[in-house]
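# Examining the three-dimensional arrangement
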Amino acid sequence: MNIPFKKLHGAGNDFIIIKYDSYPYEKKFNDLAVKSCHRRFGIGADGLMIVAASKEADFKMYYYNSDGSRANMCGNGIRCFAKFVYDEGLVKAKNFTIETLAGIKTVEILEKNGSVYAVSVNMGKMTLEPKKIPVKAEGAKDFINRTIKIEDKEFLVSTVLMGVPHTVIFTDELDMNIVKKFGPIIEKHGFFPEGTNVNFAKIVDEAHIEVRTWERGAGYTLACGTGVTSVCGVAHLLNLAGDTLLVSTEGGTLKITVMENQLMIMEGPAEDICYGVYVFNNIL
Ligand SMILES: N[C@H](CCC[C@H](N)C(=O)O)C(=O)O
């Protein structure tokens, strides 16, 4: 089956985007994600998004990780999704809404010299209640500053829901060996019945944070929008940083603003990489 696609990235977190009508087989989306996201046998990406019609918003976004698992929300992804639908002429307004499994998100296209260079997204508020994340923490009102012991190391973690579960670990030094060794262990730790994304964060000063993320269902990625937003929300909650933050990831910089009412606005890049036709051999 030949499927037209575009590939975009948001701060190095890369995605394949297709239109629902070009492959209207929802039950096969996870299989399509695994095969198209494969870095050798497919196009290669961290995730797949499908642009569909919505009864409640301007569009509906399906998001799948490269391992085929579906996730409720994707921060870098929704910026790329917004650029895709705007550039494809599917929407004329610069402000519009996108239905996700984490609720309806409002996005704003940011244009310079007639081309979209970034998108601003209202990411909503963090959820702290363990049941809603979910985290196993009988009777606790949140999962902030908890200790996880793995081998001989103790991690002070804070887990929140930012559309998807995010565990935040503040550290003085970002050590990629630690990220890649302990990220996958924490991702699947028994505390997290549905798994978790894992963000290692270094506070540079009250306006700058560095983040490296091990993603649930995708592994180490160059950036994670919901992860960066979660880090900023927890840093603000713990008075470790201010309310306007520049967050540098390996793939680029995102700007997060924590509003008075705890809503968080993420602004960041969305860039085209390529477009073409994917030959989906779904017989195998
Ligand atoms: N890269 C995405 C996160 C995807 C979430 C997914 N890894 C999951 O929670 O299963 C972002 O920019 O927010």
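Nothing here was measured: the structure is a model prediction, and the numbers come from that model. (Residues numbered from 1 in each chain as written. Predicted model: local features only at pLDDT ≥ 70, side-chain atom pairs only at ≥ 80, totals over all residues. Heavy atoms only, no water.)

Turning our attention to the pairing of strand E11 (residues 197-205). Both strand E10 (residues 164-170) and E11 contribute to a ladder of 5 bridges, which runs parallel. Pairing of Thr167 across the sheet is with Val198, part of E11. The parallel pair E10 and E11 is bridged by helix H3 (residues 176-187), and the resulting crossover is right-handed. In the sheet, E11 pairs with strand E12 (residues 208-215) via 7 bridges, with the strands oriented antiparallel. (Pairing = 2+ DSSP bridges. Helix = DSSP H or I, 4+ residues; strand = E, 2+ residues; numbered from the N terminus. Right-handed = clockwise from strand over helix to strand, strands pointing away.)

For the rest of this paragraph, the subject is the site of the ligand. Near the ligand, the surroundings consist of 15 residues, among which Gly75, Asn197, Glu215, Gly225 and Thr226 are the closest. The separation between a nitrogen atom of the ligand and a polar side-chain atom of Asn13 is 2.8 Å. The contact in question runs from an oxygen atom of the ligand to an N or O atom on the side chain of Thr226, over 2.5 Å. For the ligand, the protein covers 100% of the area, taking 360 Å² as the surface of the free molecule. Taken atom by atom, the bulk of the ligand overlaps the largest cavity. The class makeup of the residues in the shell around the ligand is 6 nonpolar, 7 polar and 2 charged. Counting the residues that make up the shell around the ligand, at least three belong to each of domain 1 (2-121 + 270-279) and domain 2 (130-262). (Near = heavy atom within 4 Å. Polar contact = N/O pair within 3.5 Å; in protein donor to acceptor, adjacent residues only side chain to side chain. Areas by Shrake-Rupley, 256 points an atom, 1.4 Å probe, with all protein chains shown as cover. 1 Å grid on protein atoms, 1.4 Å probe; cavity = no way out; pocket = protein on both sides within 12 Å on 5 of 7 lines; lining within 4 Å. Sits in = over half its atoms within 2 Å of the grid points. Nonpolar A, V, L, I, M, F, W, Y, C, P; charged D, E, K, R; others polar. Domains from an automatic or database assignment.)

Take the UniProt feature "binding site: substrate" (unreviewed entry) in the protein chain next. Under the UniProt annotation, "binding site: substrate" (unreviewed entry) lies at Asn13, Asn65, Gly75, Asn76, Asn197, Glu215, Arg216, Gly225 and Thr226. For the largest cavity, the lining residues drawn from the annotated set are Asn13, Asn65, Gly75, Asn76, Asn197, Glu215, Arg216, Gly225 and Thr226. Along the chain, Asn13 turns up in strand E2 (residues 13-19). The residues touching Asn13, leaving out its near neighbours within four places in the chain, are Leu8, Asp46, Asn76, Glu215, Thr221, Ala223 and Cys224. Position of Gly225 among the secondary structure elements: in helix H4 (residues 225-237). (UniProt positions renumbered as here; feature names shortened; annotations may be inferred. Contact = heavy atoms within 4.5 Å.)

Scanning all chains against the criterion turns up 14 aromatic pairs. Taken together, a centroid distance of 4.8 Å and an interplanar angle of 75° make the contact between Tyr23 and Tyr25 edge-to-face. Judged by centre distance (5.8 Å) and plane angle (75°), the ring pair of Phe59 and Phe96 falls under edge-to-face. With Phe59 in strand E4 (residues 59-65) and Phe96 in strand E5 (residues 95-100), this residue pair connects regions lying 37 residues apart in the sequence. (Phe/Tyr/Trp six-rings, centres within 6.5 Å; stacked < 30°, edge-to-face > 60°.)

This part is about a negative patch on the surface. A cluster of acidic side chains, namely Asp205, Glu206, Asp243 and Glu260, defines a negative patch on the protein surface. With respect to the element layout, Asp243 can be found in the loop between H4 and strand E14 (244-249). (Patch = residues over 30% accessible without salt bridge, like charges linked within 9 Å, V, L, I, M, F, W, Y side chains within 5 Å. Salt bridge = Lys/Arg side-chain N within 4 Å of Asp/Glu carboxyl O. Lys, Arg positive; Asp, Glu negative; His and termini not counted. Charge placed at Lys NZ, Arg CZ, Asp CG, Glu CD.)

Mapped onto the elements, Glu187 comes out in helix H3. If we skip the residues at most four places from it in the chain, Glu187 touches Gly195, Thr196, Val198, Trp214, Glu215, Arg216 and Gly217.

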